[in-house]
Structures are given as C-alpha cells and as structure tokens.
Amino acid sequence: MNINYKVLTIIPLILALLSLALVSVHGLKESIDVSGGTEISILASENTDLSVLKEKLPDSEVKISESSIGTFVVIKSGLDTDVDSVRAVVKEFFNVEDLSELSYTEKQIGSVLSGKFWEEGMKAVGFAFIFMAIVVYAIFRTPVPSGAVILAAASDMAIAIGGMSLFGIPISTATIAALLMLVGYSVDTDIMLTTRVLKRRTGTLDERISGAMKTGITMSLTTIFAMAVLYLVVTFVVPAADVLANIAAVLLIGLIGDLMLTWMTNAGILRYYMTEYKKGK
Amino acid sequence: MKLLKDPKVIILLVCILASLLLIAFKGISFGVDLSGGSTIVLQTETELSESEMTTVNEILTSRLNTNGLSDVRIYPRGSDEVVIEIPESADLDRIKKILTQQGVFTAIIDNQTAYTGQDISYVEEPGTTASGYGVGFKLTLDGAQNFADVAYGKGGYPVELYMDDNLISSPILSADLADGNIHQSQVITVAGSNPTEDDIDEAWVIYTALQSGSLPVKVQIEYISSVSPTLGSEFIKGSVIAGLFAFIAVAAVISFRYKNPKIVLPILITGFSEVLLILGFASLISWKLDLASIAGIIAAVGTGVDHQIVITDETIAGEAKKVTKSIKRAFFIIFGAAATTIAAMLPLFVMGIGMLKGFAITTIAGVLMGISISRPAFSRIIQYVLKN
C-alpha cells in the first residue's frame, strides 16, 4: 500500500513532464493572435459550392465546416498575403459590394501586436501563477502542503498545454484566458483537499481523503460536463464562435488532468506529509 | 418561513430583484463582437503624452463623424495604442484609409510651399467640379496671399499636392491662377467625370484629412475585428443555447450525486441567481458584454457551483453540533479558492492583453459577488433544508 501511493503520486508528474517534452518537440499551433494575419469567416447558405472559392485563394487556408444554421467558411491568410485581394475574391464570389452585407466576421492582426503576444501572454500567465502561489502560501502557511498545491497547479497547466499541442488547439488570447481559468479551477479542489486533511479533526486520514474526494470529484464533474456540452454546442451550432469552443476544450483537458493531479499527486504528498514527514521531525 | 427573515437570504433576494430591475429597465448592452460592428486598434509610431492622445482622439472622432459614423467609442490603451469601436456595419476599406492617414497636406510649386493643410478654411464634400471629380476647398486669406506670391508668373508649372509625402495629384497651374491676385477657391481633382470606387474612396480620404487636420504622429492598424449584426445575433443565440445545455449538464451531475431535490434545487437556483447578479452588475456599470465576458460568466458560475458543493458537503458532514465549525471550514475553503481565482485574473485586469479585459472583469465581479452575497445565503438555505 505504501509503495502503491508513492507510485501513484509520481504518475501524473511524469505525464506533465511528457507534456512539456511534447510541446518542445511538436510545438503549439499558432492562431493569428500569435502569427499575425487575417481571418475571415462567412456563414454561407447550405448549397453553396465552395470548392471554387478554395481554388481562387491558393495562398490562404480555407476551412469549411457544416453547422445546423448553414456552412461556415473560414479563410485564414498570413501577414504576407494581400488582404485586399482576398477580400476582392470573396466579394466577387458571393456577389456583394461590401463584405458587411454578408453574415461575416473578420479579424486582422498586425505584426507589432502579434509580436507582443508572447511577451504579454507569458507575463499574464506568469504573474497569475506567482500571485496564486502567494495566496496559497498565505492560506496554509506551511511549505509542504502549499508546495503540493502549487506543484499540482503547475503540472496541470503543463498537461493542458501538452493537450493543446496534441489536439492542435491553437494558442491564442482565448486559450490564455482558459489557462488562467484553469489555475482557478484546479487550485479549488486542491485547497479543499488540503483544508479537509489539515483542519478536520474527525475521522482517519483515509476517511478524510476519501470524503474530500467525493466532494472534489463532484466539483470537477460538474465543470467537465458543462465544458463538454459547451464544446459540442459551439462546434455544431456556431462554429464561428470558436473562442468559446477553444476555451472549453482547454478546460476539459486541464480538468481531467486535475482529477489525476489532485487525487493522486496532491493527495499522495499530503499522505506522505501526515504519515512520514511530520513523524520524522 | 423562518428562512425569509434571515438577513443573508434577504440580501440575496434584494440583490436579485435589483439586478432584474436593472436588466429590465436599463438593459444590457452587447459588445461589437455580439451586436455587430468593428473594433480597430491603432498603434502610434511613438508613445504619446496625454494631451497628444486627446488630440488624436478628437481628430479620429471627427474623421469618423465626417464619414457618417456617429456612435463611435474611442479610447487609449496604454500610451501607444488607440482602440476604436464602431457599433454599426461600415465600409472597412475606406475606414482603414481614413484612420491611418496622418493627413499632413502640402502644395508645392517649383520647390516652394504654396500652402499647407493649415491654410485651408473650408472643405466641400467630394463631387464633380468644373475640372473633374474631386474635392473643392477654400484657402484662408493669408494662405491665398502666400499662394498668389508663390504662383506668380508660374503658369504651366505643375502644382504638386502631397499627402503624407505621397504625391496625390499634380495639376498644371493655369495662367489665371498665376496672375498674382488672390484666389481662395481651389480644387484637388482625383479623376475625370467618371470616378471609380477607388477614386471616390481617395477623394473622401483627402476630404476627411483636410477637414479634420493632421494627426500628431503616424499610426498604423494593428488589429481589426469586425462582425456583421446577423452573425452577432447567432453568437448570442449560440451562447444562450450552450449556457442552457451546460446548466442541464450540471443539474444532471448534481442530481446524480445528491438524489435529493431539496439539495439540488437550491444549488441550481443559487447558481442561476449568480448569472443574474453578474448581468445586473454589467448593466449597472454599463459594461458591454462581449464573447470574452460570456466566458467570464461561465468561469464565475462554474466556481460558484463548485463552492456550493463544498458548503453542502461540509454541512452534511458537520453532524448536528459541529455545523458552525463545519461551515466555517467551508468558508475558509471558499475564500481561499476565490482569492486564488482573483489573484490569477488580476494581471489580465491590469494589463488588458488583447480583448480579455471583459473576461477578467466579469470573472472577478462574479467571484466577489458570489462570496459576499449568494454563498452566505446559500449556506443558510442549505442548513435550513438539512435540519428539516
């Protein structure tokens, strides 16, 4: 039993390290927030033949997805493509004088702003993490339990970023937001577990952990199911609102990782802290 | 009902009522990515002082107004970015040119400056003039005097008209204008009598620049996001459907876990009341809800439901006598968790990276209202329900 829980503690951490390795080898898909460029999405009526449009835009990436309200066409062009000519082709294809006559969205990001993306994104995530760590330490004021919570949150982020690399979810302002949300969600269950173990006086350690687990898994499952639903509805009803779908996907991966990190790693470290570390002192 | 006399429950009910009234009478406004319109971010070449920023704001506002766009919002972000929100569909091609034109105008004859944009007192809207399609304008007396001096005897020379160092037109100076007398009325022609779409755009850009004056610095467009109103309403519809189904999913998990409607209903109702509180708050501060704000509402309500589960389980666990201690522990967890969520959102709130400020604001507001209003009330309700 003893060896068992220590092995379980390490498994999610290995997964987190593998995720980091995957990201460093495979990299992350870049949205136009990072690479700069233009993205035009149009909601076309269902029986439009879009292959012609694809042929006319050889330098752009044209993605077509069906939804319950029509066909979404997403045209992505890099910074080196002339946007005006792309627009002219689209205008001609749909036979309109101005794109605003269509059901359409357009997003265009220049090189200065996209260049700043990494710097600003890293700053936001980095500071979020540091602030979170300070708050966690202020709550428990003991290094090992606080460290366990912070380690679990860091590994969870690593797993979420690994998942983004694996499933081709692009890094964008929306997914940065999702990673920040994940910090909040993943720490919630860890704080609950640590408080139950350190502050509850009734029951054995095992009873306290399994009681916390019952609460924590309910917490995670509500969010996991909500995000799964959000992902499916956005994908099948309004694919152009992929901001929400990407946020949902990142949270989904992160929360599944959080289940492991909280109940294997964090619980394992706490068990070690309560049974061996404290006695050793 | 003793519960209705509990101050914490009363506070929640009053806040819900206030939110409903705010939503009903003041309404909720949506950001341009949901209601349709465009958001444009301009990057200035150098950092601007506050007064320069004000000048830029005024000039850009007047330029957009000149082109028939009235309800625009322009505000600085940091000292080198200007955000422009246009809540209606507009011709982006022209707007882009109008905004990025610095607007420094000079007319040169034989390497001498005849007049500049500052010598112009009145500009006419583009139209067909005697010499072709273009923009007519009047010089000030001083400007016209200077022009007369420079132009004297230069009939047949080209008048080189520069806008931001680009030669836009170089008509030949007619002998009548080179007679040394004052001629205040002038014309810049861009085309013959049959102008193309591009010619019309160009004439409007020249007109706008002459009308509003020149910007203190060069600017370039760094970000454009444009959404047509029809697609915006699809987004709102999609978000509402997604929210509804997500709510049902949460209800299913909670029902499966507690199997007792007396516990399940308060959790769901309180969760829903938090949505109302956030929307009421958004209405109160006239915050425009965008897609990112909707993500923030989802985040706040998600943590809300999590916290209610903590409260419920602690209440169930704290057998009879130890309920107070148990509730105390529940709130220790909740305050700790809320503090970490807010700590994680704070950098975003301060930096406002990309368009994520709305996300940070709704999340932080939602979490704060949750821990101060709805969760204390929920804790009373669940204690009451479990005792009976």
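Just so you know, these numbers come straight off a predicted model, no measurement behind them. (Residues numbered from 1 in each chain as written. Chains lettered and ligands numbered in written order. Predicted model: local features only at pLDDT ≥ 70, side-chain atom pairs only at ≥ 80, totals over all residues. Heavy atoms only, no water.)

Trainee: Looking at this structure, I do not really get the sheet that holds strand E10 (residues 159-163) of chain B. What am I missing?
Mentor: In any sheet, the strands associate via hydrogen bonds between backbone groups, in a parallel or an antiparallel arrangement. Residue and element names in this part refer to chain B. Taken together, the four strands give an open sheet; going across it, the order is E6-E5-E10-E11, and neighbouring strands pair in antiparallel fashion. The open sheet is flanked by strand E6 (112-116) and strand E11 (166-169), the only strands paired with a single partner. Sheet twist, expressed as the mean angle between neighbouring strand axes with direction ignored, is 40 degrees. Direction of pairing for E10 relative to E11: antiparallel, over a ladder of three bridges. Counted as the bridge partner of Tyr-162 is Leu-167 from E11. On the sheet, helix H5 (residues 141-151) packs against strand E5 (105-109) and E6 and is oriented at approximately 155 degrees with respect to E6. (Pairing = 2+ DSSP bridges. Helix = DSSP H or I, 4+ residues; strand = E, 2+ residues; numbered from the N terminus. Axes fitted to C-alpha atoms, helices over the stretch in contact; angles between N-to-C directions. Contact = heavy atoms within 4.5 Å.)

Trainee: Mind showing me how you'd approach the sheet that holds strand E1 (residues 37-44) of chain A here?
Mentor: One open sheet holds the eight strands; their spatial order is E2(A)-E3(A)-E1(A)-E4(A)-E13(B)-E2(B)-E4(B)-E3(B), and the pairing between them is antiparallel. The open sheet is flanked by strand E2 (61-67) of chain A together with strand E3 (73-77) of chain B, the only strands paired with a single partner. With strand direction ignored, the average angle separating the axes of adjacent strands in the sheet is 15 degrees. Relative to strand E4 (residues 81-86) of chain B, E3(B) runs antiparallel, the two being bridged by five bridges. Bridge pairing links B:Arg77 to B:Glu81 in E4(B).

Trainee: Would you mind showing me how to read the UniProt feature "transmembrane region" (unreviewed entry) in chain A here?
Mentor: Annotation from UniProt places "transmembrane region" (unreviewed entry) at residues 121-140, 147-169, 175-198, 219-241 and 247-273 of chain A. With 100% helix and 0% strand, residues 247-273 of chain A has its two end C-alpha atoms placed 35 Å apart. (UniProt positions renumbered as here; feature names shortened; annotations may be inferred.)

Trainee: What am I meant to see in helix H3 (residues 50-66) of chain B here?
Mentor: Each α-helix winds once per 3.6 residues, and so residues spaced three or four apart point in a common direction. Residue and element names in this part refer to chain B. For H3, which comprises 17 residues, the first-to-last C-alpha distance of 24 Å matches the rise-based estimate of 24 Å (1.5 Å per residue) to within 8%. Three or more residues of H3 are buried, namely Met-53, Val-56, Asn-57, Ile-59, Leu-60, Arg-63, Leu-64 and Thr-66. In this structure, the buried residues of H3 make contact with strand E2 (37-44), E3, E4, helix H4 (92-100) and helix H6 (197-212). (Expected span 1.5 Å × (residues − 1). Buried < 20%, exposed > 50% of the residue type's maximum accessible area, 1.4 Å probe, protein only.)

Trainee: In this structure, what is going on with the interface of chain A and chain B? I would like to understand it.
Mentor: Frequently, the measure chosen for interface size is the accessible area that the parts lose on association. Taken together, the 69 residues of chain A in the interface contact 68 residues of chain B. Summed over both sides, the interface between chain A and chain B buries roughly 5,700 Å², with carbon and sulfur atoms accounting for 70% of that surface. The interface formed by chain A and chain B contains two salt bridges. Of the charged contacts, one joins B:Glu314 and A:Arg196 as a salt bridge, the two residues approaching to 2.5 Å between their closest N and O atoms. Where chain A packs against chain B, one counts 16 residue pairs in polar contact (both at pLDDT 80 or more). Of all the secondary-structure elements, those providing two or more residues to the side of chain A that touches chain B are helix H4 (83-94), strand E4 (104-109), helix H5 (111-140), helix H7 (173-199), helix H8 (205-237) and helix H9 (242-280) of chain A. For the side of chain A that touches chain B, the leading source of residues is H5(A), giving 17 residues. Tallied by class, the residues present in the side of chain A that touches chain B amount to 39 nonpolar, 16 polar and 14 charged. Pairing analysis gives five bridges linking E4(A) to strand E13 (residues 219-227) of chain B, with the strands arranged antiparallel. (Buried area = accessible area lost by both parts, 1.4 Å probe. Salt bridge = Lys/Arg side-chain N within 4 Å of Asp/Glu carboxyl O. Polar contact = N/O pair within 3.5 Å; in protein donor to acceptor, adjacent residues only side chain to side chain. Nonpolar A, V, L, I, M, F, W, Y, C, P; charged D, E, K, R; others polar.)

Trainee: Any chance you could explain the domain arrangement of chain B here in plain terms?
Mentor: Domain annotation of chain B identifies domain 1 (3-32 + 228-387) and domain 2 (105-191). The straight-line distance from the C-alpha centre of domain 1 of chain B to that of domain 2 of chain B is 64 Å. (Domains from an automatic or database assignment.)

Trainee: I'm lost on the UniProt feature "transmembrane region" (unreviewed entry) in chain B in this one. Help?
Mentor: Residues and elements named next belong to chain B. Here the UniProt-annotated "transmembrane region" (unreviewed entry) positions come out as residues 235-256, 263-285, 291-310, 331-353 and 359-378. Taken end to end, residues 263-285 has its terminal C-alpha atoms 34 Å apart, with 96% of it in helix and 0% in strand. Span residues 359-378 is 100% helix and 0% strand, its end C-alpha atoms 25 Å apart.

Trainee: What exactly am I supposed to notice about the nonpolar core here?
Mentor: Nonpolar side chains tend toward joint burial in soluble globular proteins. Grouped together as the largest cluster of nonpolar side chains are 124 residues, with contacts concentrated most on A:Met181, B:Phe235, B:Ile254 and B:Phe359. Residue contributions to this core peak at 16 residues, all from H7(A). If sequence neighbours within four positions are ignored, B:Phe235 has contacts with A:Thr105, A:Val238, A:Ala240, A:Ala241, B:Asp33, B:Leu34 and B:Leu291. (Core = buried A, V, L, I, M, F, W, Y, C linked by side-chain atoms within 4.5 Å.)

Trainee: How do you make sense of the pairing of strand E12 (residues 185-191) of chain B when you look at a structure like this?
Mentor: Two faces, one strand: in a regular strand the side chains alternate between the faces of the sheet. Residue and element names in this part refer to chain B. E12 sits mainly inside the fold: five of its seven residues count as buried. In the sheet, strand E9 (residues 132-139) pairs with E12 via six bridges, with the strands oriented antiparallel. Residue Gly-136 lies in a different strand from E12, and its bridge partner there is Val-187.

Trainee: Just checking my understanding: could you explain the pairing of E2(A) for this structure?
Mentor: Where E2(A) lies against strand E3 (residues 70-77) of chain A, seven bridges are found, and the strand directions are antiparallel. Across the sheet, A:Ser67 pairs through a bridge with A:Gly70, a residue of E3(A).

Trainee: Is there a simple way to explain unusual backbone geometry in this structure?
Mentor: Of all residues except glycine, most have a negative phi; of all peptide bonds, most are trans. One non-glycine residue, A:Arg141, adopts positive backbone phi at about 55 degrees. Take A:Arg141: it is sitting in the loop between H5 and helix H6 (143-167). On the accessibility criterion, A:Arg141 (63% relative accessible area) is exposed. The backbone of B:Lys259 shows a phi angle near 55 degrees, a positive value even though the residue is not glycine. Along the chain, B:Lys259 turns up in the loop between helix H7 (229-258) and helix H8 (261-284). Using a relative accessible area of 63% as the deciding quantity, one classes B:Lys259 as exposed.

Trainee: What's the story with a negative patch on the surface in this structure? I'm lost.
Mentor: Residues A:Glu97, A:Glu101, B:Glu197 and B:Asp198 make up a contiguous surface patch of negative charge. The residue B:Glu197 is located in helix H6 in this model. (Patch = residues over 30% accessible without salt bridge, like charges linked within 9 Å, V, L, I, M, F, W, Y side chains within 5 Å. Areas by Shrake-Rupley, 256 points an atom, 1.4 Å probe, with all protein chains shown as cover. Lys, Arg positive; Asp, Glu negative; His and termini not counted. Charge placed at Lys NZ, Arg CZ, Asp CG, Glu CD.)

Trainee: I would appreciate a short explanation of the packing of aromatic side chains in the present structure.
Mentor: Two aromatic rings are characterised by how far apart their centres lie and by the angle between their planes. Residue and element names in this part refer to chain B. Under the counting rule described, the total for this entry stands at 11 aromatic pairs over all chains. On the basis of an interplanar angle of 40 degrees and a centroid distance of 6.2 Å, the ring pair of Phe-105 and Tyr-115 is categorised as tilted. Of this pair, Phe-105 sits in strand E5 while Tyr-115 sits in strand E6; the two residues are 10 residues apart in sequence, bridging distant segments of the chain. You'll find Phe-105 and Tyr-115 in the same group, each marked buried. Taken together, the ring pairs connect Phe-105, Tyr-115, Phe-137 and Phe-147 into an aromatic cluster. Of note, Lys-154 hangs over the ring of Tyr-157, and the distance from its end group to the ring centre comes to 6.0 Å. Residue placement shows Lys-259 over the ring face of Phe-256; its charged tip is 4.8 Å from the ring centre. (Phe/Tyr/Trp six-rings, centres within 6.5 Å; stacked < 30°, edge-to-face > 60°. Lys NZ or Arg CZ within 6 Å of the ring centre and 35° of its normal.)

Trainee: What should I look at first to understand a nonpolar patch on the surface in this one?
Mentor: A grouping of A:Ile10, A:Ile14, A:Leu15 and A:Leu18 is seen on the molecular surface, where their side chains present a nonpolar patch of about 350 Å² in accessible area. Tracing the chain through its elements places A:Ile14 in helix H1 (residues 2-26).

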